[in-house]
Amino acid sequence: MKYIWLNPVVKAQYDENILEKFLTSKGFVEIFPREDHANIVREKYKKVLETSESNVCDMRCPKSVEVFQNQNKDWVFPEIEPILIHVARELAGREDLLGVEKWIVTPCASLKNLGERLELKDTKFITWREFIERFSFTEEPKILHKSPIPMGFFKDLEETPEGESKGDGFKNPTNWRIVESMFCKDGCHNGDGIINE
Ligand code: SF4
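All figures in this text were calculated on a predicted structure; none of them were measured in a lab. (Residues numbered from 1 in each chain as written. Predicted model: local features only at pLDDT ≥ 70, side-chain atom pairs only at ≥ 80, totals over all residues. Heavy atoms only, no water.)

**Quick word on the nonpolar core**
Within the largest apolar cluster, 23 residues are counted, with the highest numbers of intra-cluster contacts made by Ile4, Leu6, Val10, Trp128 and Phe131. Elements supplying a minimum of two residues to this core: strand 1 (2–6), helix 1 (8–13), helix 2 (16–25), strand 4 (102–106) and helix 7 (128–134). Dropping the residues within four chain positions of it, Leu6 is found in contact with Lys11, Leu19, Leu23, Glu30, Val105 and Trp128. (Core = buried A, V, L, I, M, F, W, Y, C linked by side-chain atoms within 4.5 Å. Buried < 20%, exposed > 50% of the residue type's maximum accessible area, 1.4 Å probe, protein only. Helix = DSSP H or I, 4+ residues; strand = E, 2+ residues; numbered from the N terminus. Contact = heavy atoms within 4.5 Å.)

Below, the structure written as structure tokens:
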């Protein structure tokens with residue numbers, strides 16, 4: 001038996017029963033985090049914002065962060081890992097899941113690579129695209145026109161600027177404090193590890 005965590009984009013693309021049947025046939029049991037990692041992450045940003053005088057970069061999308069760091073933006077790049085990495089850390093450390101393989105399915109190669117670099121115990125990162133190829137899952141996905149993780153993650157913290165996807169800049173660059181950004185057009189449902197075409 002192996003445990004598997006699926007990202008919200010994959011969950012939104014398939015019928016729950018079909019997905020479960022397929023995973024079971026391949027020896028996987030779906031697992032879920034106990035903690036509310038989205039909220040934990042949001043609270044971490046809140047703390048950074050309380051003490052920061054500069055614009056703060058959203059660190060949830062590694063590819064976006066890379067773009068901004070390469071542009072030498074004079075922003076704060078807080079050491080806050082993406083939500084998916086928070087989930088993986090919880091699952092890797094859970095007593096009840098010890099000693100069994102845990103597979104974390106990512107929407108893109110960059111989150112997979114980030115996860116792999118952590119070398120978490122008994123934990124494997126794989127994109128959904130790789131996973132279905134490896135296990136020959138042929139079910140047609142629903143094509144998503146919007147992300148289950150839409151822009152606006154920080155809206156309860158403060159006003160955020162209106163972001164453009166693809167890390168190519170933002171409108172209205174005055175009075176920013178936190179810069180929310182997703183590299184893929186409209187969000188993670190267009191990640192390179194997702195079938196959405
Ligand atoms: S899927 Fe795209 S938007 Fe989402 S984290 Fe990966 S690169 Fe960023």
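**Notes on the packing of aromatic side chains**
Tallied over the entire structure, the rule returns 16 aromatic pairs. Considering the side-chain rings of Tyr45 and Phe154, the 4.9 Å spacing of their centres and the 75° angle between planes classify their relative orientation as edge-to-face. Taken together, the residues span a long stretch of sequence, with Tyr45 in helix 3 (residues 37–51) and Phe154 in the loop between helix 7 and strand 6 (178–179) at a distance of 109 residues. Look at Phe153 and Phe154: their rings are 4.9 Å apart centre to centre, the planes differ by 85°, and that puts the pair in the edge-to-face class. Ring pairs connect the aromatic residues Tyr14, Phe22, Phe28, Trp103, Trp128, Phe131, Phe135 and Phe137, which therefore count as one cluster. In this structure, Arg42 packs its charged tip against the face of Phe153, placed 4.3 Å from the ring centre. (Phe/Tyr/Trp six-rings, centres within 6.5 Å; stacked < 30°, edge-to-face > 60°. Lys NZ or Arg CZ within 6 Å of the ring centre and 35° of its normal.)

**Comments concerning the site of the ligand**
In the neighbourhood of the ligand, the contacting residues comprise Cys61, Lys63, Pro107, Cys108, Ser110, Leu111, Met182, Phe183, Cys184, Cys188 and Gly191. Here the ligand is seated within the largest pocket. For the shell around the ligand, the per-class residue count stands at eight nonpolar, two polar and one charged. (Near = heavy atom within 4 Å. 1 Å grid on protein atoms, 1.4 Å probe; cavity = no way out; pocket = protein on both sides within 12 Å on 5 of 7 lines; lining within 4 Å. Sits in = over half its atoms within 2 Å of the grid points. Nonpolar A, V, L, I, M, F, W, Y, C, P; charged D, E, K, R; others polar.)

**Focus: helix 4 (residues 62–70)**
Looking at helix 4, one finds that the buried residues are Pro62, Ser64, Val65 and Phe68. Along helix 4, the residues classed as buried sweep out an arc of 155° about the axis, all on the same side. Buried positions along helix 4 lie against strand 3 (56–57) and helix 6 (109–117). (Arc of directions from axis to C-beta.)

**Examining helix 6**
For helix 6, the full list of buried residues reads Ser110, Leu111, Lys112 and Gly115. Buried residues along helix 6 sit in contact with helix 4, helix 5 (83–93), strand 4, strand 5 (123–127) and helix 7. Backbone geometry just after helix 6 places Glu119 at a positive phi near 50°.

**So, the pattern of salt bridges**
According to the stated counting rule, one finds eleven salt bridges in the structure shown. For Lys121, the salt bridge goes to Asp122, with nearest N and O atoms at 3.9 Å. Judged by its relative accessible area of 58%, Lys121 is exposed. Residue Asp122 is classed as partly exposed on the basis of its relative accessible area of 31%. Each of Arg34, Glu90, Arg94 and Asp96 takes part in one network of salt bridges that share partners. (Salt bridge = Lys/Arg side-chain N within 4 Å of Asp/Glu carboxyl O.)

**Quick word on the layout of surface pockets**
Here the largest pocket defines a volume of roughly 630 Å³. If you go around the largest pocket, you meet 38 residues; those closest to its centre are Trp5, Pro8, Ile83, Leu84 and Ile149. Of all elements in the fold, only strand 1, helix 1, helix 3, helix 4, helix 5 and helix 6 reach the threshold of two or more residues within the lining of the largest pocket. Element by element, the count of residues in the lining of the largest pocket is highest for helix 5, at three residues. A breakdown of the residues in the lining of the largest pocket according to their chemical character gives 25 nonpolar, six polar and seven charged. Considering the residues around the second largest pocket, the lining is formed by Met59, Pro62, Val65, Pro78, Glu79, Ile80, Glu81, Pro82, Ile85, Leu114, Arg117 and Leu118. For the lining of the second largest pocket, the secondary structure elements donating two or more residues are helix 4 and helix 6. Classifying every residue of the lining of the second largest pocket gives nine nonpolar, no polar and three charged. (Points joined across faces, edges and corners; volume = space filled by probe spheres on them.)

**As for the sheet that holds strand 5**
Ordered in space as 2-1-4-5, the four strands form an open sheet in which the pairing is parallel. The open sheet has two free edges, formed respectively by strand 2 (28–30) and strand 5, since each of these has just one partner strand. Averaged over all pairs of adjacent strands, the angle between strand axes in this sheet comes to 30°, irrespective of strand direction. Packing against the sheet, helix 6 makes contact with strand 4 and strand 5, and its axis sits at approximately 165° to strand 5. (Pairing = 2+ DSSP bridges. Axes fitted to C-alpha atoms, helices over the stretch in contact; angles between N-to-C directions.)

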